[in-house]
Amino acid sequence: MEVFRLLLLVFSLSSGVYTVQSIPGSHADVHIVYLGHNNGLSPSLTSESHLQLLSRVFTKPDEATEAILYNYSCGFSGFAALLNSTQASTLSETEGVISVFRSRMLELHTTRSWDFMGLNLHTQMEQSSQMHLKFGGDVIVGILDTGVWPESESFRDDPHYGPIPSSWRGTCVKGDSFDPATACNRKLIGARYYLAGIESELGPLNTTGGEEYRSPRDRVGHGTHTASTAVGSVAPNASYFGLGRGAARGGAPRARLAVYKVCWYKDLTGRCSDADILAAFDDALCDGVHVVSASLGSSPPLMPLFATSTEIGAFHAMQRGVVTVFSAGNDGPDASMVQNVSPWGLTVAASTIDRRFPTVITLGNNATVVGESFLANGMMKKQLVESSSVFSDGTCTFDQLINRTAASGKIVLCFGTAGPVSSEGAALAVYAGNGDGVIFADTISRKSSQDNFWPTVHVDLHQGTQILYYIRASRKATVHVSSSKTVVGKTPAPVVAYFSSRGPSSISPHILKPDVTAPGVNILAAWPPKSSPTVLPLDKRSTDWNFDSGTSMSCPHVSGIAALIKSVHPTWSPAAVKSALMTTAYMDDDTSDVMLAGGTLKAADAFDVGAGHVDPLRALDPGLVYDVGARDHVLFLCALGYTAEQIRQLVLPGSSLDTSCPGGGGGAAHAADLNYPAIVLPDLSAPVTVKRTVTNVGPNRGAVYRAAVASPQGARAEVWPRELAFSPYHGDTASYYVSVAPAKPSRGRFDFGEIVWSDGFHRVRTPLVVRVTNLPDDGVRAAAAAAKGDHDSRGATDDLQAAF
Ligand SMILES: *[C@@H]1O[C@H](CO)[C@@H](O)[C@H](O)[C@H]1NC(C)=O
Ligand SMILES: *[C@@H]1O[C@H](CO)[C@@H](O)[C@H](O)[C@H]1NC(C)=O
Ligand SMILES: *[C@@H]1O[C@H](CO)[C@@H](O)[C@H](O)[C@H]1NC(C)=O
Ligand SMILES: *[C@@H]1O[C@H](CO)[C@@H](O)[C@H](O)[C@H]1NC(C)=O
Ligand SMILES: *[C@@H]1O[C@H](CO)[C@@H](O)[C@H](O)[C@H]1NC(C)=O
Ligand SMILES: *[C@@H]1O[C@H](CO)[C@@H](O)[C@H](O)[C@H]1NC(C)=O
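As the structure is a computational prediction, the values presented were derived from the model and not from experiment. (Residues numbered from 1 in each chain as written. Chains lettered and ligands numbered in written order. Predicted model: local features only at pLDDT ≥ 70, side-chain atom pairs only at ≥ 80, totals over all residues. Heavy atoms only, no water.)

Trainee: Account for the overall build of the chain, with residues named and values stated.
Mentor: Secondary structure assignment for the chain yields 21 helices and 40 strands. Within the chain, contacts between residues separated by at least 24 positions form 77% of all contacts whose residues are at least 6 apart in sequence. Approximately 30200 Å² of the chain is accessible, and the part contributed by carbon and sulfur atoms is 53%. (Helix = DSSP H or I, 4+ residues; strand = E, 2+ residues; numbered from the N terminus. Contact = heavy atoms within 4.5 Å. Areas by Shrake-Rupley, 256 points an atom, 1.4 Å probe, with all protein chains shown as cover.)

Trainee: Lay out the site of ligand 6 in plain terms, naming residues and giving numbers.
Mentor: Taken together, Asn403, Thr405 and Ala406 make up the full set of residues near ligand 6. Contacts to ligand 6 include asparagine 403, whose side-chain N or O atom sits 2.5 Å from an oxygen atom. For ligand 6, whose accessible area on its own is 360 Å², the fraction buried by protein is 34%. (Near = heavy atom within 4 Å. Polar contact = N/O pair within 3.5 Å; in protein donor to acceptor, adjacent residues only side chain to side chain.)

Trainee: So what's going on with helix H9 (residues 222–231)? Residues and values would help.
Mentor: In an α-helix, one turn spans 3.6 residues; hence positions three or four apart end up facing the same way. For H9, the buried fraction is high: ten of the ten residues fall into the buried class. Within H9 the residues assigned to the buried category are His222, Gly223, Thr224, His225, Thr226, Ala227, Ser228, Thr229, Ala230 and Val231. (Buried < 20%, exposed > 50% of the residue type's maximum accessible area, 1.4 Å probe, protein only.)

Trainee: Go over the packing of H9 against helix H14 (residues 551–568) with me, naming the residues and quoting the values.
Mentor: Put simply, H9 and H14 touch, their axes get as near as 7 Å, and they point 35 degrees apart. Crossing of H9 against H14: the hand is right-handed. For the pair formed by H9 and H14, the contact residues are His222, His225, Thr226, Thr229 and Ala230 on the first element and Ser552, Met553, Pro556, His557, Ser559 and Gly560 on the second. (Axes fitted to C-alpha atoms, helices over the stretch in contact; angles between N-to-C directions. Left-handed = near helix turned anticlockwise from the far one by under 90°.)

Trainee: Give a detailed account of the pairing of strand S35 (residues 704–710), specifying residues and quantitative values.
Mentor: When S35 meets strand S37 (residues 723–725), the two strands line up antiparallel, connected through three bridges. By the bridge assignment for S37, tyrosine 705 is matched with leucine 724. Two elements, S35 and strand S39 (residues 750–758), share five bridges in a ladder whose sense is antiparallel. Among the inter-strand pairings, alanine 708 is bridged to a residue of S39, identified as valine 756. (Pairing = 2+ DSSP bridges.)

Trainee: Report on empty space enclosed by the protein, specifying residues and quantitative values.
Mentor: Scanning the model with the defined rule gives five cavities of 30 Å³ or more in all. Approximately 120 Å³ is the volume attributed to the largest cavity. Lining the largest cavity are 14 residues, with Arg104, Leu302, Thr308, Glu311 and Asn340 positioned closest to its centre. Here the residues of the lining of the largest cavity sort into six nonpolar, six polar and two charged. (1 Å grid on protein atoms, 1.4 Å probe; cavity = no way out; pocket = protein on both sides within 12 Å on 5 of 7 lines; lining within 4 Å. Points joined across faces, edges and corners; volume = space filled by probe spheres on them. Nonpolar A, V, L, I, M, F, W, Y, C, P; charged D, E, K, R; others polar.)

Trainee: So what about the packing of aromatic side chains? Which residues, and what values?
Mentor: Counted by the stated rule, this structure contains 23 aromatic pairs. When the ring of phenylalanine 357 is compared with that of phenylalanine 374, the centres are 5.0 Å apart and the planes differ by 40 degrees; the resulting orientation is tilted. Placement of phenylalanine 357 in the loop between strand S17 (355–356) and strand S18 (358–363) and of phenylalanine 374 in the loop between strand S19 (368–372) and strand S20 (379–386) is noted, with a sequence separation of 17 residues between them. In terms of burial, phenylalanine 357 and phenylalanine 374 fall into one category: buried. Summarising the aromatic geometry, the rings of tryptophan 720 and tyrosine 737 are spaced 4.8 Å apart at their centres and angled 20 degrees between planes, so their arrangement reads as stacked. With tryptophan 720 in strand S36 (residues 715–720) and tyrosine 737 in strand S38 (residues 733–742), this residue pair connects regions lying 17 residues apart in the sequence. Tryptophan 720 sits in the partly exposed class, given a relative accessible area of 41%. Over the ring of tryptophan 149 we find arginine 217; its NZ or CZ atom is 4.4 Å from the centre of that ring. (Phe/Tyr/Trp six-rings, centres within 6.5 Å; stacked < 30°, edge-to-face > 60°. Lys NZ or Arg CZ within 6 Å of the ring centre and 35° of its normal.)

Trainee: Can you break down the UniProt feature "active site" (unreviewed entry) in the chain residue by residue, with the values?
Mentor: Those residues carrying the UniProt feature "active site" (unreviewed entry) are Asp145, His222 and Ser552 in this numbering. A maximum C-alpha distance of 9.9 Å among these annotated residues, which run over 408 residues, shows that they cluster at one spot. Within the secondary structure, histidine 222 sits in helix H9. For histidine 222, a relative accessible area of 2% puts it in the buried group. Other than its neighbours up to four places away in sequence, histidine 222 contacts Leu108, His109, Thr110, Asp145, Thr146, Ser295, Trp527, Ser552 and Met553. As for its placement among the helices and strands, serine 552 is situated in helix H14. A distance of 2.7 Å separates the side chain of serine 552 from the side chain of histidine 222, its partner in a polar contact. (UniProt positions renumbered as here; feature names shortened; annotations may be inferred.)

Trainee: Give a description of the site of ligand 2 that names residues and reports values.
Mentor: In the neighbourhood of ligand 2, the contacting residues comprise Ser47, Glu48, Leu51, Thr65, Ile68, Leu69 and Asn71. A distance of 3.5 Å is found between an oxygen atom of ligand 2 and a side-chain nitrogen or oxygen belonging to glutamate 48. Contact between ligand 2 and asparagine 71: an oxygen atom at 2.4 Å from a side-chain N or O atom of the residue. A total of 360 Å² of accessible area belongs to ligand 2 in isolation, and the protein chains cover 62% of it. Looking at the shell around ligand 2, the elements that each hand over two or more residues are helix H2 (43–55) and strand S2 (68–72). Residue composition of the shell around ligand 2, grouped by class: three nonpolar, three polar and one charged.

Trainee: Give me the confidence of the model for the chain: which residues, what numbers.
Mentor: The predicted model of the chain averages 87 in pLDDT, with 88% of residues at 70 or higher. Note on residues 1–24: pLDDT under 50 across the span, and 28 contacts to partners over four residues away in sequence or across chains. Ignoring residues within four places in sequence, the model shows residues 112–128, a span with pLDDT below 50, making 82 contacts including any to other chains. (pLDDT = per-residue confidence, 0-100.)

Trainee: Please provide a residue-by-residue account of the sheet that holds strand S4 (residues 99–102), values included.
Mentor: Spatially, four strands are ordered S2-S3-S1-S4 in an open sheet, and the strand pairing comes out antiparallel. Every interior strand has two partners, whereas the edge strands, S2 and S4, have only one. Along the sheet, successive strands turn relative to each other by an average axial angle of 15 degrees, direction set aside. When strand S1 (residues 29–36) meets S4, the two strands line up antiparallel, connected through four bridges. Of the residues in S4, the one forming a bridge with isoleucine 32 is phenylalanine 101. Of the strands in this sheet, S1, strand S3 (77–83) and S4 touch helix H4 (residues 85–92), which is tilted by about 155 degrees from S3.

Trainee: Give me the lowdown on the pairing of strand S23 (residues 456–459), citing residues and values where you can.
Mentor: Alternating positions in S23 separate into two faces, Thr456 and His458 on one and Val457 and Val459 on the other, with burial throughout. Strand direction decides the pairing type here: strand S22 (residues 437–441) and S23, joined by four bridges, are parallel. Across the sheet, the residue bridging to isoleucine 439 is valine 457, located in S23.

Trainee: An account of the sheet that holds strand S32 (residues 624–625) is requested, with residue identities and associated values reported.
Mentor: Spatial strand order, S32-S34-S38-S36: four strands in an open sheet with antiparallel pairing. Where the open sheet ends on each side, the last strands, each with one partner, are S32 and S36. Strand direction decides the pairing type here: S36 and S38, joined by six bridges, are antiparallel. Of the residues in S38, the one forming a bridge with tryptophan 720 is tyrosine 737.

Trainee: Any details on the state of the cysteines? Residues and values, ideally.
Mentor: A complete count under the given rule lists five disulfides for this structure. Through a disulfide, cysteine 263 is tied to cysteine 272; the S-S separation comes to 2.2 Å. With the S-S bond torsion at 95 degrees, the cross-link from cysteine 263 to cysteine 272 turns out right-handed. Under the relative-accessibility criterion, cysteine 272 is labelled buried at 0%. A sulfur-sulfur distance of 2.0 Å marks the disulfide that ties cysteine 638 to cysteine 661. The sign of the -90 degrees torsion about the S-S bond sets the cysteine 638-cysteine 661 disulfide as left-handed. A residue pair is termed long-range when its members are at least 10 positions apart, and cysteine 638 in helix H18 (residues 630–639) and cysteine 661 in the loop between helix H19 (644–650) and strand S33 (679–684) qualify at 23 residues. Cysteine 661 matches cysteine 638 in its accessibility class, with the two residues each being buried. Of note for the chain: the bonded cysteines, numbered N- to C-terminal, pair according to 1-6, 2-3, 4-5, 7-8, 9-10. (Disulfide = S-S within 2.5 Å.)

So, in structure tokens, the structure goes:
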């Protein structure tokens, strides 16, 4: 019966029936009041000012004190409080307040949350192992996630670790099943947890029987997995029940780990509240982390940048020289679903690696089909049936199951194309019908590791159809499934994962997003042995290592590489680190493909992979970087429509920083002018000129770089000067201009080109993305003209800017 209830829960989850509702209005909800930087004031004075501000909307001072959930007073200024709608709107109109917004629930970017995914591996990380092992010991990576399983081999102390960096001001806090004396060491140097936001919204945590821990200890597994992917120590002989055996290690295996638990077990995955996330950022910045890794977010529609906890946190991180790495989201492959799109964050897409797990299926007529699975043990000869003999309408879903024994002793062939059914759902349904396993046929790119609590072999549609014909042609169809094999290096990779969220950004299309791609499919990393690999209650298996997929997994790869870069170049700004990763990323026809439904490939473009696939070794020596200073941020904020007054509150004051907007107001500066390592012109109807400034960070201060330009189709791009000569006398920075003009009439297709600067040794590649829109859509124009009579609108573009 237990299983049945669980199944119902799972099905209501996967069909989206479960939503947490709360009624806006008189009811008090968790709001975040964001006030910008803290003006160099002490945390206690900053908190005091919060209370004063809040007291204006409460009748008694005590009520104001009680309403506060968090004071954000160390890394920046603001607070989270329980407010009704009147209070929230009063505060939002108060001078000095940048934004007031409802705290939302964010999600982890793992495909473990019952989504789809692709398959495979990649060996490039291996090549750089020497460097990985040498550097990083002085760098601290903060992971905002579901906590950590401190006993994992990935986080053990060893004699190679020197003392904890003296700059560290963080701490390990005590809590349920988490004693800092045994949990924390010279590897795991910080651990905190944040509950006030989520408990205010979803009620008290259930800690019965290890259901959750009121401590940094990980219940979900995701945080342990991402932390070990970013900074895990080398753990030889890691495997998932024998599959994928090898040394597991993070991108920066010597870097230190600080864990900030902001996501909590809910609905079989992790949920994270804005209020808690912002508290973690506030602490992490004061604790002294160098890199923040956050594999979480919220699907579009995207909120304005300064009404989003992750973007506010990353903005202040950037100003303090801290790199923030985000996952792009798992809402692919449709366009414009990318999340975490601010120019100050680094946004990572997910690609495959060249590892697969072929699994041989032998039919009763001796025909064989090679599918894909994670079967540690094969299955001897079993009866094979098609889904219609077990499920009344032939779709492998729980509610179509004929009876509890309909699949008894059988392997069932299910088609993902037969209805709204995932392989996880099919595996659960066959399990519920007492079946022995599933052969799941679907478009190849949607293979999942999340279904392997019950034997499930994936085949493509062609193979599935062959198996179906065999079943129909034989009186008693049988099948034999061999155990899966691990095969490395025989598969084209990297291929962008089907699920990886694509650009362009839905709020700022002129900032290229995602920025880069990295491995994110079937990544083997540490796992809490007390949580089953699928986190399903019916799954009784235990493992120290687990496969997981998602941009959640690619994000910490890049966090690890960012830590290496910070270790080798401690003074580089976050913009310089990002630039190094982007301009050295590789993007070529053979390796940067996109997997489409049906298993066919197409060449990836910049909205799939950003600048390309990260290349850790080259990123350490990029030659040139696009740096961004405080004044650049002022201009960008001007372009977003912020006033000089607000900008002074956002941008940390510098001695000679000019915080005025050109032309005195917003909109004059163009967001495409931000010194970003990519140029996107999403609406080119007339020639434009864009300026970029590069800084020579190569060993040769007298380097001479020459430009090569590949114009996007339909546009003509020219770079001048064509040569940049650096010298110790003329300085390490130089500017160049790119003129882009429409070359033929177009109604608005995105085309992709590049600018490559080279000194013969370094190759500095900058994507150039253009959408020529010089041929108006007459239908839209006619409608707009008709509407103009109705009201004098400012036009869609202006409205969008205001909202952004
Ligand atoms: C919100 O709370 C304030 C202070 O308690 C109260 O005066 C006001 O009436 C409330 N507004 C609503 C809509 O309930
Ligand atoms: C926030 O700061 C105010 C003023 O110091 C204090 O009264 C309040 O208790 C603090 N709240 C929290 C949750 O830290
Ligand atoms: C809390 O978790 C335990 C263990 O899984 C479960 O038995 C119990 O029903 C849960 N309680 C609530 C209130 O959900
Ligand atoms: C690796 O681990 C397996 C168990 O997973 C064990 O049987 C084997 O002996 C180990 N090999 C080495 C070299 O430690
Ligand atoms: C399949 O192969 C086995 C072993 O090679 C053989 O004994 C059997 O007769 C074959 N069956 C068919 C249907 O060909
Ligand atoms: C369940 O369904 C199977 C297949 O249709 C049938 O053979 C069996 O008799 C059914 N059992 C019950 C208890 O109805």
